[in-house]
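Summary of structural features
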Amino acid sequence: MPFGLRQLDFDWKLPTAALLLSICGILLIFSAQYYNDDANAHGLYLRQLFWLIGALGTFWVIISLPPRFFDFFAYIFYAVMVLLLAAVLVIGSTRMGASRWFVLGPLSFQPSEFAKLAVLLALARFFAYTKLPPASKRRLALSFIMIIIPAALILKQPDLGTSLVYFVILFSLWYFSGIRPLYLLLIISPILSLVAAFHWLAWTIYLILLLAVLFLGRPGLLFSVVVTVVNLGFGMLTPLVWNHLADYQKMRILIFLDPGQDPQRAGYQIIQSIISIGSGGLFGKGFLGGSQTRLEYLPARHTDFIFCVMGEEIGFIGGAVIILLFGYIIFRGLKIASKCRAHFLATISWGAVTIIFFQMVVNIGMALGLMPVTGLPLPFVSYGGTSLVFFWILIGLMVIAERHWQEH
Amino acid sequence: MAYSGFDIQQRYRYGILLCGLALGLMLLRMLYLQTIRHEDLYAQSESNRLRVQPVIPMRGLIFDRDRRLLVENRASYSLSVIPAEISRTHVLSRLATALQMDENEIKQRMAKNLAGRFQPALIKRDIGFDRIAVFEEQSELFPGTIYSKDQVREYHEGLGEECLTGYVGEVSPDEMKKLDPSIYRPGTMIGKAGVEKYYDRELRGIDGTEYVEVTASGQLLGAMDNAAQIPAVPGNDLILTIDNDIQKAASEVFGDFCCGAAVVMDPRNGEILALVSKPPNDANVFSSVMTNDLWQSILTDPNNPLLNRPVDGLYPPGSTYKLVMAGAALETGTIDRTTMFSSCNGGYRFGNRVFHCWEKRGHGRLTVVNAIEQSCDVFFYQLGLRLGLEEYTKFSRACGFGQRTGIDLSQEAAGLIPSTAWYNRKLGKSGWTQAVLLNLAIGQGEVLVTPLQLAQFYCGIANNGRVFRPHLLRSIIGPDGRETSKGGELAFTLPFSKETLQILREGAYSVVQGPSGTAHGARIPGTTVAGKTGTAQNPHGQDHSWFVGYAPADNPEILACVIVENAGHGSTYAAPAVRNIIKAYLNKHHLPGADTTAVAGVVP
């Protein structure tokens, strides 16, 4: 096939699903700010439309590039993004107590979004080419170092939600690159211990379960001892960690565990979110007809809580369409990862799905009252240009991987 | 193959399983909310509305050192409207009539205190119960209006305390830009001056939150049952160092004179016992609803009542400054205890100009102690010329002049100590001569000090050179009753040796107790008073009268600094004024041997 047309040679179904989600997003942003007197807020949907055009252009560029380009630039891109993350802490603009943005004239840009991409590319390259066996300590340690640097910088912004994404990517790619699930479980067991230690009874039960797993799974004596000791240590650290969390983080956890106890307005957000979705019913109140939306009861309704606008105005039908579109993208991405014959591209595809899945579950789960409030945007749908461009790049990478499809 | 453990298809199947479960769970949860709970949640969204209202905490009280109330709160009502609901209905004109306000005024108030279209915006505060009763009875005529219990600050009148308590007012949009929006809402009351401003965060407490349900037409249904209320945390109470008895005495010493200032301090720890600014303002007027006419009349008052004279008023120190000069000369070795300059004949010739002494008949030849006692200008002219401008500037600054004292008030003047650089900038390099020193040496000319700076300097003289930072806060009492005391803080030490301080104190002692002293009017039988008179030249009229005095002279416990504007020589008016203040202190504390009979009036 002539080089100039290679970008046309792909399956249109995946980008179409992403495009439908993006268009839903623009319509929902339009509705969310329709009754706002502020002309700027009213016009947010237009800005999102321009961003979508930009995102589609970026997508086109990405799928025109040869796969070698990404594995050549992976580490360089990673280094640049780490520097930018450090820079944004120093010179970035501060909004609502967080310094996450670079401001260039009318545009503002969050490097943490693209740092996700850099980490994904760098990890994929590392896992695809390393000769180290999957469970080797050096392999685990090196990949852990690769994510802990940007994660720590983002945690400092402070943005707990986004830095959590990095750990999820790493964990998911460990799994994809062939570590036994038992090992993975044991590796994250200290965090479970940390959570369980909020109550002594839960912690005791957890420790008994852990010992049972170690006894039955037989991962090796030294490993078992280390895991047990680390678990005990983390459990005892809980009060310390708790005292180190910022007040708003404590509040979010407390409200999630017990929404009735409502020391600040975060509980109000969850209550209003559930009222919005529930009041929509099966078919919704009609586009632009949501009273919760119109009356400004919904906080952050064009960003973090955009799913509620869909739930209220289009009802279950609308919400289900969004979830099913995500479902298609996720299942397709997993399929690509399992069939792609280039290991590097397969790993990228798996990681891309991980990010999309995790952000979607956290965001929609929050709107439905299933997850604590974290402030992660809904991929493709929430207002925010950097995020939109980033997710379209992920779609582009999945399309490239799709070209290397191979039936076994 | 790099893959090991288990194969790729198995991983893919687990992935599908996990994602499928998560998506299914979300769909089920959504279905549950939108079918089974739909009716209930739909009702909540339509007929009921949840509104978040702030609960205003009780602002902290302010007490004097003997726990007598200086500032308290009076219950009142305030009225707010929900902008979105007012614009839809036409209650604006009805509201205007009921509140006796202009419709435009209401709109302006709405715009100023707008926090959100569905958040109450404050329209009028301090409404009496009789008028609120009208709203209560006819609430259906006024949809979208809310009244709430409120509080109005009440201040003592007539003791000149506004200059330290300050007052409160609605936060202005400009102030809002600089404040933390999580603590300060538009329309909230905030300290605008004095202690109210400086300790606003202590006094204001923490706003609570209550969720209330209102009907579609905006009528209040009451508190939401299932959403917990967050109670407001009352503000901390402040115990000031002020002694109301002394404050009362100090506010009464000005007699018929319109303007002046008094600072009364404990030199041992920097506590301010009284702070008076004449003419006083009524803080109650500022804290309630100020009419435009009244504001205009205050602004245009020639006596400038808005100037907080003890900390923000600037005056030449006059002869009170001679102690700084004498100290600097003694320290630099320019003079010693026995040095005498050429005799005072009532004037001093410098170049082709004669600088007069206040005593036309002349003082003859004097040592430094006697020169202080009789406040001889000619002695200090010669001392100043020998000391030089560099040393003058250096020692003045080291004595705390030309810079803020750091008192716990938000507005304080720094004063002015001229220097070579200052004269060069102001008059040009060749535009001035050493002749400026003659004026500076007797505290006239370009130098400007605040009464507080002067009091602070004399506290240092009284307290063996150790200067404690002037402060108004004695302790803070939290809502739980726990009291935190604030002690005195050593600000700096005067740049004088023990011997120099001894000489200066001898001088100050003889000003009042000496045979030829200028301030016999400050004498109190039974104790010894020391101090210094001063006359600040005033190009616009009668000179201002200064006196700074402390007692007992050998072991000072109280110091008072008084300036009476347009009262002439320091000895004639300010010295007896200080005597009355010190007397009030001695009466109260029953010092052994002190004359405890009341002093009737002021001897001019």
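Please read these numbers as outputs of a predicted model, since none were measured by experiment. One numbering rule holds for all chains: residues counted from 1, following each sequence as written. As a convention, the first chain written is A and the first ligand written is 1, with the rest following in written order. In keeping with the model being predicted, local features are shown solely for residues with a pLDDT of at least 70 and side-chain atom pairs are shown and tallied solely at 80 or more, while totals for entire chains, interfaces and linings include all residues.

**Observations regarding the overall build of chain B**
- Within chain B, the secondary structure is distributed over 23 helices and 21 strands.
- Between the buried cut of 20 or more and the exposed cut of 12 or fewer other C-beta atoms within 10 Å of a residue's own C-beta lies the partly exposed class, and all C-beta atoms are placed from the backbone. Here chain B holds 604 residues, and the buried ones make up 45% of them.
- Residues are treated as contacting if the C-beta atoms built from their backbones sit within 7 Å of each other. Intrachain contacts of chain B at a sequence separation of at least 6 include 72% that bridge at least 24 residues. Comment: elements are numbered from the N terminus, with helices defined as DSSP H or I runs of at least four residues and strands as E runs of at least two.

**A closer look at the pairing of strand β19 (residues 530-536) of chain B**
Residue and element names in this part refer to chain B.
- The element β19 is largely enclosed, with a buried count of seven among its seven residues.
- Of the two faces of β19, the one lined by Ala530, Lys532, Gly534 and Ala536 and the one lined by Gly531, Thr533 and Thr535 are each fully buried.
- At least two DSSP bridges between two strands are needed for those strands to be called paired. Inspection of the sheet shows β19 paired to strand β20 (residues 544-551) by seven bridges, in the antiparallel sense. Residue pairing for β20: glycine 531 is matched across the bridge by glycine 549.

**Thoughts on the sheet that holds strand β12 (residues 271-278) of chain B**
Residue and element names in this part refer to chain B.
- Ordered by their spatial adjacency, five strands build an open sheet running β12-β11-β21-β20-β19, and the pairing between neighbours is antiparallel. The strands lining the two open edges of the sheet, one partner per strand, are β12 and β19. With strand direction ignored, the average angle separating the axes of adjacent strands in the sheet is 5°.
- Bridge count between strand β11 (residues 260-266) and strand β21 (residues 558-564): six bridges; the pairing is antiparallel. When the bridges of β21 are listed, valine 264 appears paired with alanine 560.
- Contacts from helix α22 (residues 498-513) reach β19 and β20 within the one sheet, and its direction differs from that of β19 by about 75°. Only the stretch in contact is used when a helix axis is fitted, and all axes are lines through C-alpha atoms; the angle between N-to-C directions ranges over 0 to 180 degrees.

**Some thoughts on the environment of cysteine 259 of chain B**
Residues and elements named next belong to chain B.
- Here cysteine 259 shows up in the loop between α11 (244-251) and β11.
- Its 21 C-beta neighbours within 10 Å are what place cysteine 259 among the buried residues.
- In this structure, the C-alpha to C-alpha distance between cysteine 259 and alanine 567, residues 308 residues apart in sequence, is 9.5 Å.
- The contacts of cysteine 259, once residues within four sequence positions are left out, are Lys278, Pro279, Asn303 and Glu565.

**Concerning helix α6 (residues 137-155) of chain A**
Residue and element names in this part refer to chain A.
- The end-to-end C-alpha separation of α6 is 26 Å, in line with the 27 Å expected for 19 residues at 1.5 Å each.
- Here α6 has its buried residues at Ser143, Met146, Ile147, Pro150, Ala151, Leu153 and Ile154.
- Tucked inside the fold, the buried residues of α6 contact α4 (67-91), α5 (111-129) and α7 (160-176). Given a helix with a known number of residues, its expected span is that number minus one, times 1.5 Å.

**Re the nonpolar core**
- If you look at the biggest cluster of nonpolar residues, it comprises 129 residues, and the most contacted ones within it are Ala262, Val264, Tyr458, Val562, Ala574 and Ile581 of chain B.
- Considering every element that reaches this core, the biggest residue donor is helix α23 (residues 574-589) of chain B, with nine residues.
- Per the annotation, domain bounds derive from an automatic or database assignment of domains. Looking at this core, you find at least three residues from each of domain 2 (51-238) and domain 3 (244-300 + 307-589) of chain B.
- Those residues in contact with valine 562 of chain B that sit more than four places away from it in its chain are Val253, Gly260, Ala262, Phe547, Ala574, Ala577 and Val578 of chain B.
- Residues enter a nonpolar core if they are buried, belong to Ala, Val, Leu, Ile, Met, Phe, Trp, Tyr or Cys, and are joined to the set through C-beta atoms within 7 Å. Judged by nonpolar contacts, the second largest core, of 116 residues, contains Leu170, Trp174, Ile330 and Cys340 of chain A.

**Comments concerning the confidence of the model for chain B**
- Looking at chain B, the pLDDT average stands at 84 and 90% of residues meet or exceed 70.
- Within a predicted model, pLDDT stands for the predictor's per-residue confidence, ranging from 0 to 100. Across residues 1-5 of chain B the pLDDT falls below 50, and counting only partners more than four positions away or on other chains, this stretch makes nine contacts in the model.

**Here we look at the pairing of strand β4 (residues 121-127) of chain B**
All names here are of chain B.
- Most of β4 is tucked away: six of the seven residues are buried.
- In this sheet, β4 lies alongside strand β3 (residues 69-81) in antiparallel orientation, the contact comprising four bridges. Bridge pairing in β4 places leucine 79 opposite lysine 124.

**Points about the packing of α6 of chain A against α7 of chain A**
Residues and elements named next belong to chain A.
- Running from N to C, α6 and α7 cross one another at 170°; their axes reach a closest spacing of 8 Å. As the angle between them shows, α6 and α7 are arranged roughly antiparallel. Listed contacts from α7 to Ser143, Phe144, Ile147, Pro150, Ala151, Ile154 and Leu155 of α6 are Leu160, Thr162, Ser163, Tyr166, Phe167, Ile169 and Leu170.
- Note on residue categories: nonpolar means Ala, Val, Leu, Ile, Met, Phe, Trp, Tyr, Cys or Pro, charged means Asp, Glu, Lys or Arg, and polar means any other residue, Gly included. Counted by class, the contact of α6 with α7 contains eleven nonpolar, three polar and no charged residues. Throughout this description, any angle smaller than 35 degrees is read as roughly parallel, any larger than 145 degrees as roughly antiparallel, any in the 65 to 115 degree range as roughly perpendicular, and the remainder as oblique.

**Brief notes about the environment of threonine 374 of chain A**
Residues and elements named next belong to chain A.
- With respect to the secondary-structure elements, threonine 374 resides in the loop between α16 (343-367) and α17 (385-403).
- Counting along the chain gives 215 residues from threonine 374 to aspartate 159, while the straight-line C-alpha distance between them is 8.9 Å.
- The contacts of threonine 374, once residues within four sequence positions are left out, are Leu160, Gly161, Val362 and Met366.

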